[in-house]
Amino acid sequence: MAPFWENIVTTWSRYHSHYLIGARNTLIISFVSTFIGCLIGFAVGIVQALPDSPRAGKGRCAALKILKIVLRSYVELFRGTPMIVQAVFIYYGARLVAGLHLDMWTAAFLIVSVNTGAYMAETVRGGILSIDPGQEEAAHALGMTHVQTMLCVILPQTFRNIIPQIGNNLIINIKDTAVLSVISITDLFFVHKSVSGSLYNYFESATIIMVIYLILTLSVSWLLRLLEKRLDGKQHYDLATTDTLAHTSGLVRYARPSEEKK
Amino acid sequence: MAPFWENIVTTWSRYHSHYLIGARNTLIISFVSTFIGCLIGFAVGIVQALPDSPRAGKGRCAALKILKIVLRSYVELFRGTPMIVQAVFIYYGARLVAGLHLDMWTAAFLIVSVNTGAYMAETVRGGILSIDPGQEEAAHALGMTHVQTMLCVILPQTFRNIIPQIGNNLIINIKDTAVLSVISITDLFFVHKSVSGSLYNYFESATIIMVIYLILTLSVSWLLRLLEKRLDGKQHYDLATTDTLAHTSGLVRYARPSEEKK
Amino acid sequence: MKRTDESPLDNGVRGRIDMERTTVLTVDELSKTFGNHEVLRSVSLELKESDVVCLIGSSGSGKSTLLRCINLLEEPTAGTICFRGEPVSRSRVSLAAYRARVGMVFQNFNLFDHLNVLNNCVIAMRKVQKLDRKTAEQRAGYYLEKVGMLPFIHAKPHQLSGGQKQRAAIARALAMEPEILLFDEPTSALDPQMVQEVLAVMHALAKEGMTMLIATHEMMFAREVSTRVVFLDEGSILEEGTPEQLFSCPRHARTEEFLRGLLYRCPGEM
Amino acid sequence: MKRTDESPLDNGVRGRIDMERTTVLTVDELSKTFGNHEVLRSVSLELKESDVVCLIGSSGSGKSTLLRCINLLEEPTAGTICFRGEPVSRSRVSLAAYRARVGMVFQNFNLFDHLNVLNNCVIAMRKVQKLDRKTAEQRAGYYLEKVGMLPFIHAKPHQLSGGQKQRAAIARALAMEPEILLFDEPTSALDPQMVQEVLAVMHALAKEGMTMLIATHEMMFAREVSTRVVFLDEGSILEEGTPEQLFSCPRHARTEEFLRGLLYRCPGEM
Amino acid sequence: ARKGKKLRVAMECGYAPYNWTQESDEGGALPIAGGVGYAYGYDVMIAKLLAEELGYELEIVKLDWDSLIPAVQSGDVDAVIAGQSIKPERLEKVDFTVPYYYASIVTLVKSDGAFAGAKGIKDLAGGTCTSQQGTIWYDVCLPQIENATILAAQDSAPTMLIALDSGAVDFVVCDLPTAQAALHVYPSMKILDFTDGGDNFAVTDEDINIGISVKKGNKKLVDAFNSVLSEMNIEDFDAMMQKAIEMQPLSSGENDG
Ligand SMILES: Nc1ncnc2c1ncn2[C@@H]1O[C@H](COP(=O)(O)OP(=O)(O)OP(=O)(O)O)[C@@H](O)[C@H]1O
Ligand SMILES: Nc1ncnc2c1ncn2[C@@H]1O[C@H](COP(=O)(O)OP(=O)(O)OP(=O)(O)O)[C@@H](O)[C@H]1O
Ligand SMILES: [Mg+2]
Ligand SMILES: [Mg+2]
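Residues numbered from 1 in each chain as written. Chains lettered and ligands numbered in written order. Predicted model: local features only at pLDDT ≥ 70, side-chain atom pairs only at ≥ 80, totals over all residues. Heavy atoms only, no water.

Our focus in this paragraph is the overall build of chain E. Helices and strands together make up the secondary structure of chain E, namely 10 helices and 14 strands. In terms of overall size, chain E behaves like a compact globule, its C-alpha atoms giving a radius of gyration of 18 Å where 257 residues would be expected to give roughly 18 Å. Its C-alpha atoms put chain E at 60 × 45 × 30 Å along the principal axes. Looking at chain E as a whole, 60% of its 257 residues qualify as buried. Pairs at least 24 residues apart make up 70% of the contacts formed inside chain E by residues separated by at least 6 positions. Element-wise, carbon and sulfur atoms account for 48% of the exposed surface of chain E, whose accessible area totals about 9,500 Å². (Helix = DSSP H or I, 4+ residues; strand = E, 2+ residues; numbered from the N terminus. Rg over C-alpha atoms; globule rule 2.2 N^0.38 Å. Buried < 20%, exposed > 50% of the residue type's maximum accessible area, 1.4 Å probe, protein only. Contact = heavy atoms within 4.5 Å. Areas by Shrake-Rupley, 256 points an atom, 1.4 Å probe, with all protein chains shown as cover.)

And the structure:
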């Protein structure tokens, strides 16, 4: 096994800059796309959660229905087909059929975001389902619109619950950017393929990228755990003292309008 | 574009049995592995949710801690590295180093299950987090052990909430079985690769597999939506009539033990 | 006895505006069915400005459902609801506007789990009434102080006791300064002392002309606070009248049976 | 007045076993701190067989926390809890066994959301007490009938009214036939008639020798049901005694202030 | 004594005309072990020849390109016949036979493209190009073009051709058989062969020769293979390749259509 470790060292010393560039590309694409994908997922989630009640006017109701069908198709289409094929169709297909020249980076961000968005939409749907309906009722009773309810009440709670899932998606993306090699993006896995394809040192090169992948994904896991902890906040509250009260609530300064009138 | 559709028809008529067998393999592996993966995920989730309180004895506490670390490493290792590399290491690496000859199908189920399990473990963790802690307290107050609480109270509720996520995982698996081509498993995507490599008709073959993938994933989505509906149960309850009461609760036959004694 | 001194029945406001009071809320022939379970049967109700109406009735008689229907949190099966003479529109925008003018305290509080007490009160003021943070916090502080919740403004709901949650929920509804308040058992988790304080708040609100509809099990609270009591039985209004009338000499046998359960009737009858 | 006829103070049981009653639960110097907020301060309490002790105290005084500590749902910061003379072991197995012998009704009910009323009652009997389905259902039916919940056995918690949830929660705890029952405001969502019925159930249980610890805001309920009343103030026991003693002539100024809030004191004082 | 012994040979079965998958055993194709369909092509012809001469029972294993090397290294297959070129670095990991084909390198352009008239690699300067991953074409040839924008390599021949067809690149570099296969599908493409012009890609013979790889140290098998291959010459190989090109499914597909 000694030559195995030796080979790893030689491979690394010859190609480390390639691996590092690949890792950088992987990281950039997966982070940015996961972020955009989350936004898409939340947006789609909000619309999907809109009740198609007969309360809204006929026209609005029909429009909403169509929008929902469109979004549902988007989710099913992008979730349902392999990203690598989508990449070929979007990048080369658009060029062939419509003469549309997408920049390969634009295409990369687009494809991964749109895919993540499709998965996130389902994740968000599940997350919304698991929030106590009483929360939504309370928000409605206070006069919030559906969008306000979602943005201020439901999604913040959903967000905290689906962080483990966002972690999953980010990690999936870190690995799935590999398929972007079809549109000429050099990601970490692609570097491994090139190196092992020319040197025939599959196991050595694979060990190197596994370590890099693990470093990336462990950092991501760790960061998200931190975020979870922060969102959970302090376990105990501080009793408000008169000082903070005077500052924040300013109870001295407020009087009911009706009292003022008197 | 006419030749495009014509080519699709010729490709299909020549290779349809290949596509169908590929789809069958894809379906079998992804269904079985998602099922096993869910079991793994739930099992890991239960253990991870065990409180490492100082209540248990010192020894048990340490054992639990070690088990948790092992499971956490499992999750991070398998989530964190590309499945294709895992496949090569497990199938060829085992052979190379330990002389272990895994059957390729066994290896396939093993690899996909273990990967799904790692993702599901995180999903389940998120799902458990989103269940009202009052549910767990109530179960504990009734004298249920942690495992009983999990199996009878928490996981059934978690399960319903993470169905969208299980759907995501199943769909991911339907597509990710593609990497098993490195261990000679002929899945749908591998058929596409062979056909497009033999006929140089990438777009036509890709269109065919996209349609097949969509049929598979739409069916899966639809089945899971059905399951969600069934689990949600009837929206309204029936008032129990005296008939059903006499049958189910048998109130006539029960008397407090203490009363009986008298 | 305190009651006779402070009951809104006898306070100045009511006498002053008496007949010219405008109608705030009209519930007309409201019905609600869950599956084949008729929960509300043709309930009609009118609330005029500064009315304080208590809904009483046994568990499951439909009190909460009635309040929730008024707020359109449940879609009524039949019947109409008019607010200030206009039927409550079903289009989404004006529905939100209507709800902003109707305050509600839920039986199970429904505080926002992710926000602390202060932000629970502030959020709707900022998003719905578009107040700036400072004004909103001042107003929230004012009402939180009234229910004795100022020390707990930084606590999250899960860190509060039952009574504290209830008071926070009351403050949240009050802080919106709505035109009518729907209370679903607003004192169920409160100790007698706290009940007195909430009662004082409500009296003050009533004096200022606030209209209130209160579902409650505390008959003595109902007696203290209300100008009218409505007895709901199996989804229909069986009897209504002034508290004196209803508690002292109920007209229906069912009402009497219900009130017989009451541990402590009015002193005169003991 | 009903009270004098039925109060457990005067019923046969208590007189019969009087002095030889065994101690069921001892709480010794229990303290609980959340962060820097001292919620319980050296609370000591002893419950003998067939004792019915009511915990009263203002909102946030620590009643729920005390009950939850007894059940070890909250880890006490200091102090010990002994059940039938033995300190409650902290190993997980015997903890579950201990909890199975101690029933608890939560302030916010905590019914299992995914199970209907019947299964809510049945599940612990089957899993913890290993009863077969039939026996368990019969027993559940018996207690559900006592609280008038038989018609609702197929309903899921979210379909129930507040009072119905509370009654289901009571039935669930009773059905386990524990040796001691901890009730956290068991009548907060109930109408007077239903309170009477629950009172009757508790009287019956007390007659059979059940030990109960009840946190409540309904002073009259406390008065009716309890053999002893404990007044909790800011986390410490300020005063305890028989209901007569405590309600009629409280020793501390704070107790008196608390009770002054009470709308209706015992008739004699009105 | 070797009679009946199995020879497991791995290839992609998706790289016409070297190897491809077809629906029947027409023309002498062999069933794919544990998979679907039949494999044929130049590589299969060579494998059949070797097995026949050496008395093996031949089994064709279909594998993804990425796992061909791990498979032969771990002993899961005995040999890989998949158009691999023989490079010194590779010889450290596996053993190669003598060449079984001499692949001349050509440039593929679109006939209406800006580089259609190129006469040598100088004329390709400044173009955008790519080729297949892990090949001499990508690693050695493309860098010789001045100012070329070399996009990341493609992982298969079909996507490489799509890149050219869609206009994402101006030209690709590959070997003659692949280019000839491509012309069947993309009639708008054109092969540029600089072999005679003198301004060709500078490659060693070693570079362009493709061989059969076996597990490192399996001297016996290499020798056996070499004993057969050394009896053949370039003409034999070319004749076989010609036959493969004629038989490849895309040719017959055209005939069908
Ligand atoms: N979503 C629902 N589906 C089916 N039945 C429901 C639903 N919500 C309420 N009910 C039923 O409607 C009836 C009235 O419920 P409601 O909550 O209005 O009672 P309530 O008068 O508020 O009682 P309580 O005093 O106990 O709170 C109950 O029998 C309840 O089971
Ligand atoms: N998890 C927690 N973290 C911090 N503080 C808490 C937590 N749980 C309870 N408290 C605080 O402990 C105090 C006592 O709460 P507890 O629920 O015991 O009161 P209680 O006597 O039951 O009141 P109520 O009658 O309103 O139910 C309250 O001030 C509450 O804010
Ligand atoms: Mg109610
Ligand atoms: Mg409490």
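Turning our eyes to something else, we now look at the interface of chain A and chain D. Facing the 4 residues of chain A at the interface are 4 residues of chain D. Approximately 320 Å² of surface area, both sides summed, lies buried where chain A meets chain D, with 56% of it carried by carbon and sulfur atoms. Considering only the side of chain A, the residues that lose the most area to chain D are His236(A), Tyr237(A) and Leu239(A), jointly responsible for 88% of the buried surface there. On the surface where chain A and chain D come into contact, there are 0 salt bridges. (Buried area = accessible area lost by both parts, 1.4 Å probe. Salt bridge = Lys/Arg side-chain N within 4 Å of Asp/Glu carboxyl O.)

Looking now at the site of ligand 2. Near ligand 2, the surroundings consist of 22 residues, among which Tyr237(A), Ser161(C), Gly163(C), Ser64(D) and Thr65(D) are the closest. Proximal residues around ligand 2 fall on chains A, C and D, making this an inter-chain site. The fraction of the free accessible surface of ligand 2 (630 Å²) that becomes covered by protein chains is 93%. Breaking the shell around ligand 2 down by element, the ones donating at least two residues are α7 (162–175) of chain C together with β2 (37–48) and α3 (63–70) of chain D. Here the residues of the shell around ligand 2 sort into 5 nonpolar, 15 polar and 2 charged. (Near = heavy atom within 4 Å. Nonpolar A, V, L, I, M, F, W, Y, C, P; charged D, E, K, R; others polar.)

For the rest of this paragraph, the subject is the site of ligand 1. With respect to spatial proximity, 23 residues lie near ligand 1, and among them Tyr237(B), Ser64(C), Thr65(C), Ser161(D) and Gly163(D) are the closest. Flanking ligand 1 are residues from chains B, C and D. Gly60(C) is positioned with one of its backbone polar atoms (N or O) 2.8 Å from an oxygen atom of ligand 1. Here an oxygen atom of ligand 1 sits 2.5 Å away from a polar atom, N or O, in the side chain of Thr65(C). Among the secondary structure elements, those contributing two or more residues to the shell around ligand 1 are β2 (37–48) and α3 (63–70) of chain C together with α7 (162–175) of chain D. (Polar contact = N/O pair within 3.5 Å; in protein donor to acceptor, adjacent residues only side chain to side chain.)

Looking now at the interface of chain B and chain A. Contacts between the two partners involve 45 residues from chain B and, on the opposite side, 45 residues from chain A. Here chain B and chain A share an interface that buries about 4,300 Å² over both sides, 63% of which is from carbon and sulfur atoms. Run the count over chain B and chain A and you get 4 salt bridges. Among the ionic pairs, Arg225(B) bridges to Glu122(A), the shortest N-O distance being 3.3 Å. Those elements that place two or more of their residues in the side of chain B that touches chain A are α2 (58–80), α3 (83–98), α4 (104–129), α6 (146–176) and α8 (202–232) of chain B. With 13 residues, α8(B) is the largest single contributor of residues to the side of chain B that touches chain A. For the side of chain B that touches chain A, a count of residues per class yields 23 nonpolar, 13 polar and 9 charged.

One finds Ile183(A), Ile183(B) and Tyr42(E) to be the most contacted residues of the largest nonpolar core, which totals 194 residues. Those residues in contact with Ile183(B) that sit more than four places away from it in its chain are Ala87(B), Tyr91(B), Tyr92(B), Met104(B), Ala107(B), Ala108(B), Ile111(B) and Leu63(E). The next biggest cluster of nonpolar side chains, apart from the first, holds 115 residues, and it includes Val153(A), Ile162(A), Val105(C) and Val229(C). (Core = buried A, V, L, I, M, F, W, Y, C linked by side-chain atoms within 4.5 Å.)

Before going further, it helps to examine the coordination of the magnesium ion (ligand 4). Six octahedral donors around a metal ideally sit at 90 or 180 degrees from one another, while four tetrahedral donors ideally sit at 109.5 degrees. All names here are of chain D. Coordination of the magnesium ion (ligand 4) by the protein comes from Ser64 (OG) and Gln107 (OE1), over a distance range of 1.8 to 2.2 Å. Within this pair, whereas Ser64 is found in helix α3, its partner Gln107 is found in the loop between β6 (102–105) and α5 (117–127), the two being separated by 43 residues in sequence. You can call Gln107 buried: its relative accessible area is 18%. (Donors = N, O, S within 2.8 Å, 3.2 Å for Na, K, Ca; no water.)

This part is about the relation of the copies chain B and chain A. With an axial shift of 0.0 Å and an RMSD of 0.2 Å, the rotation relating chain B to chain A amounts to 180°. The two molecules are tied by a two-fold rotation axis, judged by turn and shift. The C-alpha atom lying nearest the rotation axis in chain B is that of Ser130(B); the distance is 3.4 Å. Most of the interface of chain B is mirrored in chain A: 100% of its interface residues are interface residues there too. (Least-squares fit on C-alpha atoms with pLDDT ≥ 70 in both.)

In this description, an aromatic ring pair is defined by two values, namely the gap between the centres and the angle between the planes. Residue and element names in this part refer to chain B. Under the defined criterion, the tally for this structure stands at 32 aromatic pairs over all chains. Judged by centre distance (5.1 Å) and plane angle (75°), the rings of Phe4 and Trp5 are edge-to-face. Judged by its relative accessible area of 52%, Trp5 falls in the exposed class. Between Tyr202 and Phe203, the ring centres sit 6.3 Å apart and the planes meet at 85°, which makes this aromatic pair edge-to-face. (Phe/Tyr/Trp six-rings, centres within 6.5 Å; stacked < 30°, edge-to-face > 60°.)

In this section: the packing of helix α6 (residues 146–176) of chain A against helix α8 (residues 202–232) of chain A. Residue and element names in this part refer to chain A. Orientation of α6 relative to α8, taken along the N-to-C sense of each, is 165°, at an axis distance of 10 Å. Judged by the angle between their axes, α6 and α8 are roughly antiparallel. Read as a crossing pair, α6 and α8 show a hand that is right-handed. In contact with Phe159, Arg160, Ile163, Pro164, Ile166, Gly167, Leu170, Ile171, Ile174 and Lys175 of α6, α8 contributes Tyr213, Leu216, Thr217, Val220, Ser221, Leu224, Leu227, Glu228, Leu231 and Asp232. In terms of residue class, the contact of α6 with α8 is made up of 13 nonpolar, 3 polar and 4 charged. (Axes fitted to C-alpha atoms, helices over the stretch in contact; angles between N-to-C directions. Parallel < 35°, antiparallel > 145°, perpendicular 65-115°, else oblique. Left-handed = near helix turned anticlockwise from the far one by under 90°.)

Turning our eyes to something else, we now look at the sheet that holds strand β1 (residues 23–34) of chain D. All names here are of chain D. Spatial strand order, β2-β1-β4-β5: 4 strands in an open sheet with antiparallel pairing. Either end of the sheet is taken by a strand with one partner, and the two such strands are β2 and β5 (86–87). Judged from the 2 bridges that link them, strand β4 (residues 78–83) and β5 form a sheet pairing that is antiparallel. Bridged to Cys82 within β5 is Pro87. With respect to the sheet, α3 is in contact with β1, β2 and β4, its orientation differing from that of β1 by roughly 120°. (Pairing = 2+ DSSP bridges.)

Right, let's talk about the pairing of strand β1 (residues 5–11) of chain E for a bit. The side chains of a regular strand alternate between both faces of the sheet. Residues and elements named next belong to chain E. With 7 bridges joining them, β1 and strand β5 (residues 56–62) adopt parallel strand pairing. When the sheet's bridge partners are listed, Arg8 is paired in β5 with Glu59. Sheet topology note: the β1/strand β6 (residues 79–85) ladder contains 2 bridges and is parallel. Residue pairing in the sheet places Ala10 in a bridge with Val80 of β6.

Residues and elements named next belong to chain E. Of the residues in chain E, 96% have a pLDDT of 70 or more, and the chain-wide mean is 89. Counting interchain partners and residues more than four positions distant, the pLDDT-below-50 stretch residues 253–257 has 3 contacts. Across the whole predicted complex the pTM is 0.89, and at the interface the ipTM reaches 0.88. (pLDDT = per-residue confidence, 0-100.)

What follows deals with the side chain of Arg228(D). All names here are of chain D. Relative to the elements of secondary structure, Arg228 occurs in strand β9 (residues 228–233). A polar contact of 3.3 Å, which involves the side chain of Arg228, links it to the side chain of Asp51. At a separation of 2.5 Å, a polar atom in the side chain of Arg228 contacts the side chain of Glu240. Sequence-distant contacts of Arg228, defined by excluding residues within four places in its chain, comprise Glu46, Leu47, Asp51, Val52, Val53, Cys54, Glu240, Gly241 and Pro243.

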